[in-house]
Amino acid sequence: AKNVLEVKNLKMYYFTNKGVVKAVDDLTFNLKKGEVLGLAGESGCGKSSLGFTLMGMPTAPGKIVGGSIKIDGREIVGLPEDVLRKEVRWQKIAMIFQGAMNALNPVYTVGHQMIEPLLLHKGMSKDDALDRAQKYLELVGLDPEIVYRYPHELSGGMKQRVIIASALLLEPEVVIADEPTTALDVVVQAQIINLLKKLKKELGLSMIFITHDLSILAEISDRVAIMYAGKIVEIGDSEKIYYEPAHPYTQKLLSAIPRLHEDIERLEFIPGQPPNLINPPKGCRFNPRCPYVMQVCKEQEPELKEVDKDHYAACWLL
Ligand code: SF4
Ligand code: MG
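Draft legend 1. Focus on the overall build of the protein. Looking only at helices and strands, the protein has 10 helices and 12 strands in total. At 20 Å, the protein has a C-alpha radius of gyration in line with the 20 Å of a compact globule built from 318 residues. With the C-alpha coordinates of the protein rotated into their principal frame, the extents come out at 65 × 50 × 40 Å. Taken across its 318 residues, the protein has 50% of its residues classed as buried. A separation threshold of at least 6 residues defines the contact pool for the protein, and within that pool the share at least 24 residues apart is 63%. In the structure as shown, the protein presents an accessible area of about 15300 Å², 51% of it carried by carbon and sulfur atoms. Here the protein contributes 38 positively and 41 negatively charged side chains, and the mean placements of these two sets differ by 5 Å.

Draft legend 2. Structural view of the sheet that holds strand 8 (residues 206-211). Judged by pairing direction, the sheet is mixed, and its eight strands sit side by side in the order 6-7-8-3-9-10-12-11 without closing on themselves. A single partner strand is all that each edge strand has here, and the edge strands are strand 6 (93-96) and strand 11 (305-308). Between one strand axis and the next, the sheet turns through 25° on average, direction left out of account. Bridge count for strand 6 against strand 7 (residues 174-178) is four bridges, and the pairing is parallel. Across the sheet, residue I96 finds its bridge partner in strand 7, namely A177.

Draft legend 3. Structural detail: the nonpolar core. Formed by 93 residues in total, the largest nonpolar core has its most connected members in L5, F29, L54, I164, I208, F209 and I226. When neighbours within four sequence positions are excluded, F29 is seen to be in contact with L5, E6, V7, L37, L50, L54, I208, I232 and I235.

Draft legend 4. Seen up close, a nonpolar patch on the surface. Together, Y292, V307, L317 and L318 make up a nonpolar patch on the protein surface, roughly 330 Å² of accessible area in all. As for its position among the elements, L318 is in the segment after strand 12 (311-313).

Draft legend 5. Representation of the sheet that holds strand 2 (residues 19-32) in the model. Taken in spatial order, the four strands of this open sheet run 2-1-4-5, and their pairing is antiparallel. The open sheet has two free edges, formed respectively by strand 2 and strand 5 (74-75), since each of these has just one partner strand. Sheet topology note: the strand 1 (residues 3-16)/strand 4 (residues 62-71) ladder contains eight bridges and is antiparallel. Of the residues in strand 4, the one forming a bridge with Y13 is K63. Its contacts with the sheet put helix 1 (residues 47-54) on strand 1, strand 2 and strand 4, and the angle it makes with strand 1 is roughly 115°.

Draft legend 6. The arrangement of the packing of aromatic side chains in detail. According to the stated counting rule, one finds five aromatic pairs in the structure shown. Centre to centre, the rings of F52 and F97 are 5.3 Å apart; their planes meet at 20°, and the pair counts as stacked. With F52 in helix 1 and F97 in the loop between strand 6 and helix 3 (110-121), this residue pair connects regions lying 45 residues apart in the sequence. Classification of F97 by relative accessible area gives partly exposed; the value is 21%. Measuring from centroid to centroid gives 5.1 Å for Y228 and F286, while their planes differ by 80°, and the two rings are edge-to-face. You can see Y228 sitting in strand 9 (residues 223-228) and its partner F286 sitting in the loop between helix 9 (248-255) and helix 10 (295-299), a full 58 residues away along the chain.

Draft legend 7. Structural context of the side chain of K231. Relative to the helices and strands, K231 resides in strand 10 (residues 231-237). Its relative accessible area of 14% is what places K231 among the buried residues. There is a polar contact of 3.2 Å between the side chain of K231 and the backbone oxygen of D25. Setting aside residues no more than four positions away along its own chain, K231 makes contact with D25, D26, L27, I226, R285 and E301.

About the thresholds
Residues numbered from 1 in each chain as written. Chains lettered and ligands numbered in written order. Predicted model: local features only at pLDDT ≥ 70, side-chain atom pairs only at ≥ 80, totals over all residues. Heavy atoms only, no water. Helix = DSSP H or I, 4+ residues; strand = E, 2+ residues; numbered from the N terminus. Rg over C-alpha atoms; globule rule 2.2 N^0.38 Å. Buried < 20%, exposed > 50% of the residue type's maximum accessible area, 1.4 Å probe, protein only. Contact = heavy atoms within 4.5 Å. Areas by Shrake-Rupley, 256 points an atom, 1.4 Å probe, with all protein chains shown as cover. Lys, Arg positive; Asp, Glu negative; His and termini not counted. Charge placed at Lys NZ, Arg CZ, Asp CG, Glu CD. Pairing = 2+ DSSP bridges. Axes fitted to C-alpha atoms, helices over the stretch in contact; angles between N-to-C directions. Core = buried A, V, L, I, M, F, W, Y, C linked by side-chain atoms within 4.5 Å. Patch = residues over 30% accessible without salt bridge, like charges linked within 9 Å, V, L, I, M, F, W, Y side chains within 5 Å. Salt bridge = Lys/Arg side-chain N within 4 Å of Asp/Glu carboxyl O. Phe/Tyr/Trp six-rings, centres within 6.5 Å; stacked < 30°, edge-to-face > 60°. Polar contact = N/O pair within 3.5 Å; in protein donor to acceptor, adjacent residues only side chain to side chain.

If you want it as structure tokens, here you go:
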């Protein structure tokens, strides 16, 4: 399959009073058509920052300072805001924002909120836009009559389906889902994962699925990227990452997942804090927490190396 998204040497830094925070620091990866790439790491590692950056809207005081983002072959870094708004955002790349279901406006009907971008960006008539919204509500398993309801009349799971339908309305090439199941109970979480799997199959959806929960990623991802301190430290086929993780950080993350039938006492947690991204550790950023740290790790930064077919990791042990 062809690449719908190509990210090369992407850097997005926050320029704060305390210094420059390197939240996305030199990332390179691709997303193929119809593929789900899971993006995992502890909170604060830059996952959501990457999502906003790919939408061409890094959160202030963030700025893209280098690299390239190509969506369907078109470079979007450097495009003026009005072009991004008219031609790229929501139409080529859409995002299911973390917590969006709780940000639905209580004053307006679901339909009103869903069709606003269609009226604004597509110049659609109100009737056509409502038809389209209803079609997508059906696709996500909701009664199309929900367009006339208010958010408080819906359950959490229903609201999240509305958010997913809204992200799909302009038929984007790429959808970024940021922690789309985090606020939901376990049963509803499973339903949302199944819905996303169904959409992937039926629409050939290409998706970046962001979460701190690796057990959810196993369910849905074709490939997984592990982020640590603004960097991708390992990327590859999900099965490879789960069964043969190459990077010590990935190994630690996986051992922190409660596995079925496993005694909770045996859980291993990763000691230490994720580093401060204003002054990240020299060399490998994981070195202060790594059980295998060597002298070279404190001096030179390891690059991603192919450890296996389509499986890359950045560690001096390899
Ligand atoms: Fe650990 Fe060194 Fe590998 Fe970093 S490069 S993960 S410190 S062994
Ligand atoms: Mg986040």
